[in-house]
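Breakdown of the fold
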Amino acid sequence: SYVTSRRSDASDLFARDAWRWLSGNFARVLEAPEDRLARGAMLWGAHEAGIAIEQSMLGATHACANPLTARYGTTHGIAIAVMLPHVVRWNAEHVGHRYSDLLLTRAGRTRGSAPTDLDVGADPRVGPHSGEQLANSLEDLRRTAQLPGTLREIGVAREDFSALAADAATQWTGACNPRPFDATAALELYERGY
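The rules behind these values
Residues numbered from 1 in each chain as written. Predicted model: local features only at pLDDT ≥ 70, side-chain atom pairs only at ≥ 80, totals over all residues. Heavy atoms only, no water. Helix = DSSP H or I, 4+ residues; strand = E, 2+ residues; numbered from the N terminus. Buried < 20%, exposed > 50% of the residue type's maximum accessible area, 1.4 Å probe, protein only. Polar contact = N/O pair within 3.5 Å; in protein donor to acceptor, adjacent residues only side chain to side chain. Contact = heavy atoms within 4.5 Å. pLDDT = per-residue confidence, 0-100. Axes fitted to C-alpha atoms, helices over the stretch in contact; angles between N-to-C directions. Parallel < 35°, antiparallel > 145°, perpendicular 65-115°, else oblique. Left-handed = near helix turned anticlockwise from the far one by under 90°. Nonpolar A, V, L, I, M, F, W, Y, C, P; charged D, E, K, R; others polar. Core = buried A, V, L, I, M, F, W, Y, C linked by side-chain atoms within 4.5 Å. Phe/Tyr/Trp six-rings, centres within 6.5 Å; stacked < 30°, edge-to-face > 60°. Lys NZ or Arg CZ within 6 Å of the ring centre and 35° of its normal.

Mapped onto the secondary structure, Ser11 falls in helix H1 (residues 9–31). Assessed through its relative accessible area of 0%, Ser11 is described here as buried. Polar contacts involving the side chain of Ser11 include one to the main-chain amide nitrogen of Ser8, which spans 2.8 Å. Setting aside anything within four residues of it in sequence, one finds Ser11 in contact with Ser1, Ala52, Gln55 and Ser56.

Shown next, in the form of structure tokens:
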């Protein structure tokens, strides 16, 4: 929701704060499920993420994930975990500066304006390849949760990619992606995820 074409100042506020709470507590909840403060932080982050989504909608990740659930019965969250890093890398040339902002937020900085090159260069976790850095961070979270990382691992057959891509292109969420999304784009994303 932080990078969709329908984002707004209100959705940015909630999405950025949701990312801070969720990314900062995800590993802790898995490591110590009895930690009520970490669990509360995750609940608060999920609540704020829901508010952000209602304001700004979703994008290509959900458009690609929905057909995986429909055709294969893949749990939606697992389909998202598999596809999201690939979509982040694919969208990076259009919204990389927004990804830098999320990385700075995760690093504990607050946003008054878009990060400057000086800000980005000053933090070793953020650089000119912020899409790659954010995708790697998302993959780290996925590995921490011991979730599958590829379409192959969740039983998706490569011969189904064309049908999946055609279905993904009809999903309303794809229309809100910051980079134009269609069946050709979905096919490329499924190939990346295989």
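In the predicted model, the protein carries a mean pLDDT of 91, and 89% of its residues have values of at least 70. Every residue in residues 109–122 scores below 50 in pLDDT, and together they form 18 contacts with partners more than four places removed in sequence or on other chains.

Right, let's talk about the environment of Glu48 for a bit. Inspection of the secondary structure puts Glu48 in helix H2 (residues 36–56). Residues Glu48 and Ala15, 33 residues apart in the sequence, show an inter-C-alpha distance of 6.7 Å. When neighbours within four sequence positions are excluded, Glu48 is seen to be in contact with Phe14, Asp17, Ala18 and Trp21.

With that out of the way, let us pick up the packing of helix H3 (residues 60–72) against helix H7 (residues 161–168). Contact geometry of H3 with H7 gives a least axis separation of 8 Å together with a crossing angle of 125°. It follows that H3 is oblique to H7 by the angle criterion. For the pair H3 and H7, the sense of crossing is right-handed. In this structure, H3 contributes Ala63, Cys64, Pro67, Leu68, Arg71 and Tyr72 to the contact, and H7 contributes Ala163, Leu164, Asp167 and Ala168. Partitioning the contact of H3 with H7 into residue classes produces eight nonpolar, no polar and two charged.

For the rest of this paragraph, the subject is the nonpolar core. Counting 24 residues, the largest nonpolar core has Leu68, Met83, Leu151, Phe181, Leu189 and Tyr190 as the members making the most contacts within it. For this core, the elements supplying multiple residues, two or more each, are H3, helix H4 (76–106), H7 and helix H8 (183–193). Looking at which element gives the most residues to this core, the answer is H4, with six residues. Ignoring sequence-local partners within four residues, the contact set of Met83 consists of Thr61, Cys64, Leu68, Leu151, Leu189 and Tyr190. In this structure, Ala15, Leu102, Leu103 and Leu141 belong to the second largest nonpolar core, which totals 14 residues.

Tallied over the full model, the rule gives three aromatic pairs. Between the aromatic rings of Phe161 and Tyr194, the centroid separation amounts to 5.4 Å while the plane-to-plane angle is 80°, which identifies the pairing as edge-to-face. Of this pair, Phe161 sits in helix H7 while Tyr194 sits in the segment after H8, placing them 33 residues apart in sequence. Residue Phe161 shares its accessibility class with Tyr194, and that shared class is buried. The structure contains a cluster of three or more aromatic residues connected by ring pairs, namely Phe161, Tyr190 and Tyr194. When the ring centre of Tyr2 is taken as origin, the NZ or CZ atom of Arg98, which lies over that ring, is 3.9 Å away.

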